[in-house]
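What follows is each chain in one-letter form.
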Amino acid sequence: MYDKYKEFAKNTNPNDYKIVEYSYEIKEIFNKAGIKKDLQVPFDNVNARGKINPLLNINNTMPEIVMFYNLRFTEALGCFRNNIYNTINPFYWIDFFIYFPQKVLNYLNVINSIFTNIVNIIYWAYFINWFLKSFLLK
């Protein structure tokens, strides 16, 4: 997708809207990489100045918008590369199982830290109880 965008950015034809076909896919890539949707990019040129939402103006070839997409695609590539490395990283999986309840509650957008801590304590109490009964107290 990044290659398609770079090809579009090099093209000088202002009537080329082919990249708009891929805007949904690009937004999904950015969403999965955790890139915010409500970003505003400031611009200042001869005709106007202000802020523009680059995700709604993908076919705009202003240097600020092109720079935004180059940076965000690079950020997304780094995020996905990190996810690939984490799949084989044992410390990632240890951390995942230790904080499993917190990760689930964060995924469900439960922000209350007291509730999250209580659920984590219950999780660990259950896990320690199961471990003791299964392996040590036979």
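Each remark here, short or long, concerns the structure printed above.
A quick note: this is a predicted structure, and the numbers were derived from the prediction, not measured. (Residues numbered from 1 in each chain as written. Predicted model: local features only at pLDDT ≥ 70, side-chain atom pairs only at ≥ 80, totals over all residues. Heavy atoms only, no water.)

J.: When you look at the pattern of salt bridges in this model, what are you seeing that I'm missing?
T.: Opposite charge on two side chains makes pairing possible when the charged atoms of those side chains draw close. A full pass over the atoms with the stated rule returns three salt bridges. Taking the shortest distance from any N to any O, the salt bridge between Glu75 and Arg72 comes out at 3.3 Å. One end of the pair is Glu75 and the other is Arg72, both in helix H3 (residues 63-86) and three residues apart, which spans about a single turn. Arg72 gets classed as partly exposed once you look at its relative accessible area, which sits at 22%. Asp95 is the partner of Lys103 in a salt bridge, and the nearest nitrogen-oxygen pair spans 3.7 Å. (Salt bridge = Lys/Arg side-chain N within 4 Å of Asp/Glu carboxyl O. Helix = DSSP H or I, 4+ residues; strand = E, 2+ residues; numbered from the N terminus. Buried < 20%, exposed > 50% of the residue type's maximum accessible area, 1.4 Å probe, protein only.)

J.: Which parts of the structure should I look at to understand the pairing of strand S1 (residues 41-44)?
T.: The side chains of a regular strand alternate between both faces of the sheet. Here S1 shows a clear split, with Val41 and Phe43 buried on one side and none of Pro42 and Asp44 buried on the other. Examined bridge by bridge, S1 and strand S2 (residues 49-52) share four bridges and lie antiparallel to one another. Across the sheet, Val41 pairs through a bridge with Ile52, a residue of S2. (Pairing = 2+ DSSP bridges.)

J.: Explain the packing of helix H4 (residues 90-98) against helix H5 (residues 100-107) here, please?
T.: The relative placement of two packed helices comes down to the angle between their axes together with the axis-to-axis distance. At their nearest, the axes of H4 and H5 sit 4 Å apart, and the two run at 75° to each other. Considered as vectors, H4 and H5 are oriented roughly perpendicular to each other. Residues Asp95, Phe96, Phe97 and Ile98 of H4 lie in contact with H5, whose contacting residues are Phe100, Pro101 and Lys103. Classifying every residue of the contact of H4 with H5 gives five nonpolar, no polar and two charged. (Axes fitted to C-alpha atoms, helices over the stretch in contact; angles between N-to-C directions. Parallel < 35°, antiparallel > 145°, perpendicular 65-115°, else oblique. Contact = heavy atoms within 4.5 Å. Nonpolar A, V, L, I, M, F, W, Y, C, P; charged D, E, K, R; others polar.)

By themselves, these are just geometric observations and shouldn't be taken as functional.
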